[in-house]
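Take a look at the letters that make up each chain.
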Amino acid sequence: MLQFLTVPRIDGFPLWVVLLVCAGVFLASFMDAIAGGGGIISVPTHLIAFGNLPVPYALGTNKVSAAIGSCLSTGRFIKNGYVDWRLFGPAIAFALAGSAIGTWLQHLTPDAVLKYLLLLVLPLVAFFTLRGREWPDEPGEIGLKKQLAIIWAAAFIIGGYDGYYGPGTGTFLMIVFIRAAKLDTRHAAGGVKVINLSSNIGSLAAQMASGYVYWGVGLTAAVASMAGHYIGSGLAIKNGSKIVRPTVIIVLVLLTVKVGSELLFPDFWG
C-alpha cells in the first residue's frame, strides 16, 4: 500500500520541487521575453530548489529551459520582422564566443569581484534607463559602421557576462541597443532575443561539456519557459516601449537587490 504513496521524482528531486522550479521559470521567462533579466528569478529558484548541490548544477540546468524557451520568443520577433540580420547575424558568433569564454572563467574564478563591480555599475545603468520620458518606437540616426561596432562589441562582452554570471543580460543588451546603437524598442528587443539565445546556447554547451545539467528537471521546466516566453513576447511586440521600459526598470531594481543580498548573505546563495 505504501508504494502508492511514493512521491514521484525527476532526476532524484520530488515532484513539488520540480513544480516550484517550473513556477519560477514561467515568471522569469515572461519577464525575460519583454525586457530580459529573467535569470534574476530563475537562477535563485534553481539555487533554492537544488539546496546544497554545487552552484554550477543550478546554473547549467537553468540554461536548458532558458535556451529552449527563448527559441520561442525569438521566433515570434523574427516572424514579425523585428530582427535585422545585417546587424545581428554576425553578432551571433560574438555572443557564442563570449558566453563560452565567460562560462569557462566561471568554473575557474570566484564571482565576488564581479558582484561588487555590478553594484557600482547598476546606478549608472539605471540613470541612462530613466533619462528621458520615453523609449523610442522609431530608430535614431547613427552611422552603420558605428552601429555595427557597438552591437558586435556588446554581443561579445555582455555575452561573456551571461556565461559568467547571467542575470540581467537581456536588460543590459536592450539598454545598449536603444541608447548607444539607436535602435527602436521593438527591433532592439528582437536583437536582444537573437543574441541572448546565442549566448544561452554557448553557455549551455559549456555546461553540458562539464556535466552540470539535470536534463529531466531542465526539460520539464522548458515547457513553462516556452509558455512564459510566448505570452511575454506577444505583449512586447504589441505594446513596444510602453511595456518594455517599465519592465527594464523593475529588472534593474531586482538585480540590485539580488547582487546586494548575495554579498550580504553569501551562505544563503551557496
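Below is a short write-up of the structure. Since this is a predicted model, take the numbers as computed values, not measurements.

What follows covers the packing of aromatic side chains. Summed over all chains, the structure comprises eight aromatic pairs. Relative to Y214, the ring of F13 lies with its centre 5.2 Å away and its plane at 90°, an arrangement referred to as edge-to-face. Taken together, the residues F13 in strand β2 (residues 13–14) and Y214 in the loop between α8 (185–210) and α9 (215–239) connect sequence positions 201 residues apart. Of the residues examined, F13 reaches a relative accessible area of 10% and is grouped as buried. On the numbers, 5.6 Å between centres and 65° between planes, the contact of Y161 with F172 is edge-to-face. On the criterion of sequence distance, the pair formed by Y161 in helix α6 (residues 144–164) and F172 in helix α7 (residues 169–180) is long-range, its members being 11 residues apart.

Okay, the nonpolar core next. Ranked by internal contacts, the top residues of the largest apolar core, which has 44 residues, are F88, I151, M174, F177, I195 and V244. Taken together, the elements giving at least two residues each to this core come down to α1 (15–35), α2 (39–50), α4 (85–106), α6, α7, α8, α9 and α10 (241–264). If you tally residues by element for this core, the top one is α6, at eight residues. Formed by 15 residues, the second largest nonpolar core is a distinct cluster that contains L47, F50, A58 and A221.

Criteria and cut-off values
Residues numbered from 1 in each chain as written. Predicted model: local features only at pLDDT ≥ 70, side-chain atom pairs only at ≥ 80, totals over all residues. Heavy atoms only, no water. Phe/Tyr/Trp six-rings, centres within 6.5 Å; stacked < 30°, edge-to-face > 60°. Helix = DSSP H or I, 4+ residues; strand = E, 2+ residues; numbered from the N terminus. Buried < 20%, exposed > 50% of the residue type's maximum accessible area, 1.4 Å probe, protein only. Core = buried A, V, L, I, M, F, W, Y, C linked by side-chain atoms within 4.5 Å.

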